[in-house]
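Spelled out, the chains give:
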Amino acid sequence: MHPMDPNLLHSGACPQPQPHPPLRWDIFCQVIDNFGDIGVCWRLAANLAARQQQVRLWVDDASALAWMAPQGAPGVQVLPWPLQAPPQGFGDVLVEAFGCELAPAVLAGIAQQAHGQGGAPVWINLEYLSAEPYVQRCHALPSPVLNGPGAGLTKHFFYPGFTAGTGGLLREPELPERQARFERSAWRAQHGVAPEALAVSLFCYEPVALPALLGQLGTLDPACRPAHLLVTPGRATAAVQALQTGTGTENNNEIGLQPTRTLRQQLSISYLSAVDQLQFDQLLWASDLNLVRGEDSLVRALWAGQPLVWQIYPQSDLAHHDKLHAFLDWLQPPASLRSFHAVWNGLQAGALPVLDADTLAAWAECTRSARARLLAQDDLAAQLLGFVHKRR
């Protein structure tokens, strides 16, 4: 038995645990559509690297990173999708994102590495985000590989989620401080948004209620609070432009936006250029209402703390209905926000609730309450690190 350091006895201090050495991570991502997969994987890779981890991101289409993360990130190496194991082997941790399928030769390389001196890497199947009850039941469960070149190895399911007992959500350690330093009024002035305007960011697919939203925003009393719609590029821009019937007026600007048009002289519409992830976060912070879609933007809208509406990715078997209801049950929204989600996502017919001041104030309180619950939990990257260290 080793004697305790007398200095510790006198000071009352306790020995501090030694920090874990950096691990080598291999994250695998296949881009399906809409860049949501690569968006989540990039945030995860950059988040881990900021925690002194060494990360390789293997992706079959990295083109979106040219605008999503043009500066890259220290400690992250982007590589083309592998068809075989690299000569030096894989790292300490393998993350298969969203059920992507690794090539047989890659699986064989992992198995060969597992039987070598370094032992098996920790192999994680990172799943899609959901608030459904099965997430807590299945989170961190082992998934033995029974057949094929990877037979005998074990993966583990890792489910992001909104509650304790799940893997949590992606959140950078410095996010609250970065958000606190953000100069909201300066951003709005730079982007031509009047201080008194109702700024609505739109990142959507083609919601059936989009015409109703434009109609409502276009008939708000401009003497009370004019509306300004900030439309992201791609499907959102195409959807809005397809519905525009008025020619309005075009204004020149010097802030990287395409021409601004007015609809019925009461709704200003700005069509935004593609921006990186940090600038996308700022858009959400600066807006008074965020209409978002998919997984990554939902999480970022929750961190923004502004009123939000989520358009869930539609599935042909209507499984997204249960997924949306589960999220709303967790969110604990006022009736007007639940109704807006149902109409916006095409789950029910009817009019959209009116976006008056009292309604938006109630929605903001709901979002900030949800954010407070989430901030009390460990974030996704921290939970991944803890999970891996327990298995090494």
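Check the entry above for the structure.
All residue numbers refer to positions counted from 1 along the written sequence of the respective chain. Residue-level local features of this predicted model are given only where pLDDT is at least 70; pairs of side-chain atoms are given and counted only at 80 or more, and the full residue set underlies all totals for whole chains, interfaces and linings. Only heavy atoms go into the side-chain values, all of them from the structure, while hydrogens and water stay out.

1. Considering the pairing of strand β11 (residues 267-271)
Here comes step 1: By the criterion of burial, β11 is predominantly enclosed, with 4 of the 5 residues buried.
Here comes step 2: The rule for pairing is simple: two strands pair if DSSP sees at least two bridges between them. Under the DSSP-based scheme used, a helix requires at least four consecutive residues in state H or I and a strand at least two consecutive residues in state E, with every element numbered from the N terminus. In this sheet, β11 lies alongside strand β9 (residues 227-231) in parallel orientation, the contact comprising 5 bridges. Looking at the pairing, His228 lines up with Ser268 of β11. Think of it in three bands: with a 1.4 Å probe and only protein chains considered, a residue is buried below 20% of the maximum accessible area for its type, exposed above 50%, and partly exposed in between.

2. A short note on the side chain of Ser270
Here comes step 1: With respect to the element layout, Ser270 can be found in strand β11.
Here comes step 2: Judged by its relative accessible area of 1%, Ser270 falls in the buried class.
Here comes step 3: Of note is the side chain of Ser270, whose polar atom sits 2.8 Å from the side chain of His228. Polar contacts, as counted here, are pairs of nitrogen or oxygen atoms within 3.5 Å of one another; within protein the pair requires one atom able to donate a hydrogen and one able to accept it, and residues that are adjacent in sequence qualify only if both atoms are side-chain atoms.

3. Here we look at the nonpolar core
Here comes step 1: Ranked by size, the top nonpolar core spans 65 residues in total, and within it Leu202, Leu217, Leu229 and Leu302 carry the most contacts.
Here comes step 2: Looking at which element gives the most residues to this core, the answer is helix α11 (residues 296-304), with 6 residues.
Here comes step 3: Contacts are residue-level and defined by heavy atoms, with any inter-residue pair within 4.5 Å sufficient. With residues near it in sequence (within four places) discarded, Leu217 still touches Leu198, Val200, Ala227, Leu229, Leu267 and Leu355.
Here comes step 4: To define a nonpolar core, start from buried Ala, Val, Leu, Ile, Met, Phe, Trp, Tyr and Cys residues and group those joined through side-chain atoms within 4.5 Å. Grouped together as the second largest cluster of nonpolar side chains are 37 residues, Met68, Leu126, Leu385 and Val388 included.

4. Details of the sheet that holds strand β3 (residues 76-80)
Here comes step 1: Spatial ordering of the open sheet is given by β3-β2-β1-β4-β5-β7-β6, a layout of 7 strands whose pairing is mixed. Lying at the two open borders of the sheet, with one neighbouring strand each, are β3 and β6 (142-144). For this sheet, the mean inter-axis angle between neighbouring strands, taken without regard to orientation, is 25°.
Here comes step 2: Summarising the sheet, β6 and strand β7 (residues 154-158) pair through 3 bridges and their orientation is antiparallel. What sits directly across from Ser143, in β7, is Lys155.
Here comes step 3: Axis lines are fitted to C-alpha atoms, over the contacting stretch for helices. Their N-to-C directions set the angle, which ranges from 0 to 180 degrees. Packed on one face of the sheet, helix α2 (residues 36-50) meets β1 (24-29), β2 (54-59), β3, β4 (93-97) and β5 (122-126) and runs near 175° to β1.

Function cannot be read off these values alone, since they describe shape.
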